[in-house]
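Each chain, written out:
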Amino acid sequence: MAVESGARDGSPQHTAPPPGEGAPALRKGTLGVADIAFFVVSAAAPLTVMAGVAPLAIGVGGIGAPVGYLLAGATLALFAVGFTAMTRHVKHGGGFYAFITRGLGRPAGFGAATLALLAYNGMQIGVYGLLATGTQDALEALWGIHVPWPPIALGGVFVIWYLGYRSIDFGAKVLGVLLVAETGILALLAGGVLLDGGAEGLALDSFTPGNVLVPGTGAVLAFAFAAFTGFESTAIYRREARDPGRTIPRATYIAVGFLGVFYAFSVWVVIQAFGGTKVLKAVATDPAGLFFTATTHYVGAWAADLMHVFIVTSILASQLAFHNAINRYGLSLSQEGVLPPLLGKVHPKHRSPYVAGAFQSGLALLVVAGFALAGADPYQQLLLWMNTPGMIGLLTLQGITAVAIPFFFRRIRHQEGRWRTVIAPIAATVLMAGALWLVIAKIGLMTAAPLATNTALVLTVPAAFAVGVLVAVRFRRNRPAVYAEFAAEPAD
């Protein structure tokens, strides 16, 4: 399906001022490379991923698990080649749905928009369950206090709402501090292990083919790809970035490169802490305590106590990053005329999409309260049932975007070269399809849920996309002007 022309790049362009011109708008030129990278890396919650998920990856993949994170990072870096090239040509702030509309047409773009709303909300709201269990663990470990999970999760909703209500530069500063804290505690562990030499001497056998090519490698890759969730949100902050044509690509590559190296290095460090011959026994005995035990031994009990605290702040940082991304999707779709105009309001002082943020927090409040009233488990049900379609949805959006990139560049004049516009996107499409297949095939390892539950969670993703396509058909028939301007380039 061809995208109607209008702008020099072949995309439609707004010819009239958008509704509400003169009203407060997002604060332009606020975010630099580091700020956007903080949002992206914080969304991935690196400390939480390492302490909570990496032991499972080691358990199924053995000491070759670090390579899985490097391979996932390399695949996403390949995806970023075409993705960042496209960010230089698509000025719209709608992220995935704008990119997919440019390449594959408006019905696919509408489908991507509804899927993005499902995926980001699923990721953000589900993590309130992890916030509850992480805070419970910290309170019990530090002071022997037990607090029921619903008050913790509900309190977290209000904390995230307030942080999102404030200005984006305030949020960037908060995330910067929290990210330094969570990565710093793992750096302390790494320093302790490296200075001591590990349990059996430092070794690089994690990177040998014999330890990488094992039956559990597919499962490790599934865990690894899930650990990068949210890195693509750099494009959502386009309207608030300084020199977005340079800032967004740089932030994207920095985020992917940092996460890939940081994850692989941290997993390798914890393997060295126990020794290659003993780490699997340690994982089998106490997977949740693997990083805490290593930190206590090589750094001190005080550092393990700090790790409990920083896991909680890591989760909060992740939720804030996703909350901000969802708010900007809601703002963009409201300004498109797809969602109610009320969601397109921007706070006159903080320049934040505060109505969209209040709506998202209200939705989170309802979902968390519903799980609590049903007597659900915060981890096994609230977290996993919400996060699973969210994570699969984001991987799906990445794959569809990779497909859209060559089609987009075929329609416009550019000087990007075949590597950026054809070769890398096609290779990324194949690899992303493989990653998605691995995640779905190994979903039982992630959810520990029955087949019927896993099937329902997976099918939620194509269902959301299909709903968006049906909405597109309805808009094309009943609101053709809104349909024609969907994902159009801004006039400025």
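All values derive from a computational prediction rather than experimental measurement. (Residues numbered from 1 in each chain as written. Predicted model: local features only at pLDDT ≥ 70, side-chain atom pairs only at ≥ 80, totals over all residues. Heavy atoms only, no water.)

K.L.:
Quick rundown of the overall build of the chain? Include the residues and the values.
P.N.:
For the chain, the count of helices and strands is 20 helices and 0 strands. A compact globule built from 492 residues should have a C-alpha radius of gyration of about 23 Å, and the chain, at 22 Å, falls within 12% of that. The principal-axis extent of the C-alpha atoms belonging to the chain is close to 65 × 50 × 45 Å. When each of the 492 residues of the chain is scored for burial, the buried share is 58%. Counted over contacts in the chain with a minimum sequence separation of 6, partners at least 24 positions apart contribute 83%. With an accessible surface of roughly 19,100 Å², the chain has 68% of that area assigned to carbon and sulfur atoms. (Helix = DSSP H or I, 4+ residues; strand = E, 2+ residues; numbered from the N terminus. Rg over C-alpha atoms; globule rule 2.2 N^0.38 Å. Buried < 20%, exposed > 50% of the residue type's maximum accessible area, 1.4 Å probe, protein only. Contact = heavy atoms within 4.5 Å. Areas by Shrake-Rupley, 256 points an atom, 1.4 Å probe, with all protein chains shown as cover.)

K.L.:
For the pattern of salt bridges, give the residues involved together with the corresponding values.
P.N.:
Using the criterion set out here, one finds 4 salt bridges in the structure. The partner of glutamate 240 in a salt bridge is arginine 328, with the nearest N and O atoms 2.8 Å apart. Taken together, the residues glutamate 240 in the loop between helix H10 (217-227) and helix H11 (244-274) and arginine 328 in helix H14 (residues 301-336) connect sequence positions 88 residues apart. A single burial state applies to glutamate 240 and to arginine 328, both of which are buried. The shortest N-O distance in the salt bridge between glutamate 416 and arginine 420 comes to 4.0 Å. Overall, the relative accessible area of 17% leaves glutamate 416 in the buried class. (Salt bridge = Lys/Arg side-chain N within 4 Å of Asp/Glu carboxyl O.)

K.L.:
So what's going on with the side chain of threonine 295? Residues and values would help.
P.N.:
Secondary-structure assignment places threonine 295 in helix H13 (residues 290-298). Overall, the relative accessible area of 0% leaves threonine 295 in the buried class. Polar contacts involving the side chain of threonine 295 include one to the main-chain carbonyl oxygen of phenylalanine 291, which spans 2.7 Å. When residues no more than four places from it in sequence are discounted, the contact partners of threonine 295 are Leu189, Gly300, Ala303, Ala304 and Met307. (Polar contact = N/O pair within 3.5 Å; in protein donor to acceptor, adjacent residues only side chain to side chain.)

K.L.:
How would you explain the packing of helix H16 (residues 378-410) against helix H19 (residues 451-478) if you had to name every residue and give the values?
P.N.:
Running from amino to carboxyl end, H16 crosses H19 at an angle of 45°, the nearest separation of the two axes being 9 Å. Between H16 and H19, the angle falls in the class oblique. Along this stretch, H16 crosses H19, giving a crossing that reads as right-handed. Mapping the contact onto sequence places Leu384, Trp385, Thr388, Pro389, Ile392, Gly393, Thr396 and Ile400 in H16 and Thr453, Leu457, Val458, Thr460, Val461 and Phe465 in H19. Here the contact of H16 with H19 is built from residues that sort into 9 nonpolar, 5 polar and no charged. (Axes fitted to C-alpha atoms, helices over the stretch in contact; angles between N-to-C directions. Parallel < 35°, antiparallel > 145°, perpendicular 65-115°, else oblique. Left-handed = near helix turned anticlockwise from the far one by under 90°. Nonpolar A, V, L, I, M, F, W, Y, C, P; charged D, E, K, R; others polar.)

K.L.:
So what's going on with a nonpolar patch on the surface? Residues and values would help.
P.N.:
A cluster of nonpolar side chains, contributed by Leu194, Leu202, Val261 and Phe265, occupies part of the molecular surface with about 340 Å² of accessible area. The exposure class of valine 261 is exposed, given its relative accessible area of 54%. (Patch = residues over 30% accessible without salt bridge, like charges linked within 9 Å, V, L, I, M, F, W, Y side chains within 5 Å.)

K.L.:
I'd like a description of H14, backed by residues and values.
P.N.:
The terminal C-alpha atoms of H14 lie 53 Å apart, and with 36 residues this matches the ideal 52 Å at 1.5 Å per residue to within 8%. When you tally the buried positions in H14, you get 29 out of 36 residues, the bulk of the element. Directly after H14, the chain includes glycine 337, whose backbone phi takes a positive value near 90°. (Expected span 1.5 Å × (residues − 1).)

K.L.:
Any chance you could break down the confidence of the model for the chain for me, citing the residues and the numbers?
P.N.:
For the chain, per-residue confidence averages 89 on the pLDDT scale, and 95% of positions sit at 70 or higher. Taken as a whole, residues 1-10 scores under 50 in pLDDT and shows 26 contacts with residues more than four places along the chain or in a different chain. Contacts of residues 14-20 to residues separated by more than four positions or lying in other chains number 6 contacts, the stretch itself having pLDDT below 50. (pLDDT = per-residue confidence, 0-100.)

K.L.:
Which residues make up unusual backbone geometry, and what values go with them?
P.N.:
For alanine 45, which is not a glycine, the phi torsion comes out positive at approximately 50°. Along the chain, the position of alanine 45 falls in the loop between helix H1 (33-44) and helix H2 (46-52). Here alanine 45 falls in the buried class, since its relative accessible area comes to 7%. The residue alanine 448 is not glycine, and still its phi comes out positive at about 55°. Mapping alanine 448 onto the fold places it in the loop between helix H18 (443-447) and H19.

K.L.:
I'd like a rundown of the packing of H1 against H14, residues and numbers included.
P.N.:
Contact geometry of H1 with H14 gives a least axis separation of 7 Å together with a crossing angle of 120°. With respect to each other, H1 and H14 are oriented oblique. Helix-helix and strand crossings are classified by hand; for H1 and H14 the assignment is left-handed. In contact with Phe39, Ser42 and Ala43 of H1, H14 contributes Ser314, Ala317, Ser318, Ala321, Phe322 and Asn324. Taken together, the residues of the contact of H1 with H14 sort by class into 5 nonpolar, 4 polar and no charged.

K.L.:
Which residues make up helix H4 (residues 65-87), and what values do they have?
P.N.:
If you check H4, its first and last C-alpha atoms are 33 Å apart, about what 23 residues at 1.5 Å a residue would give, namely 33 Å. Most pronounced at alanine 80, the bend in H4 amounts to some 30°. Within H4, 19 of the 23 residues are buried, which leaves it mostly tucked inside the rest of the structure. (Bend = angle between axes of the 7 residues up to and from the residue.)

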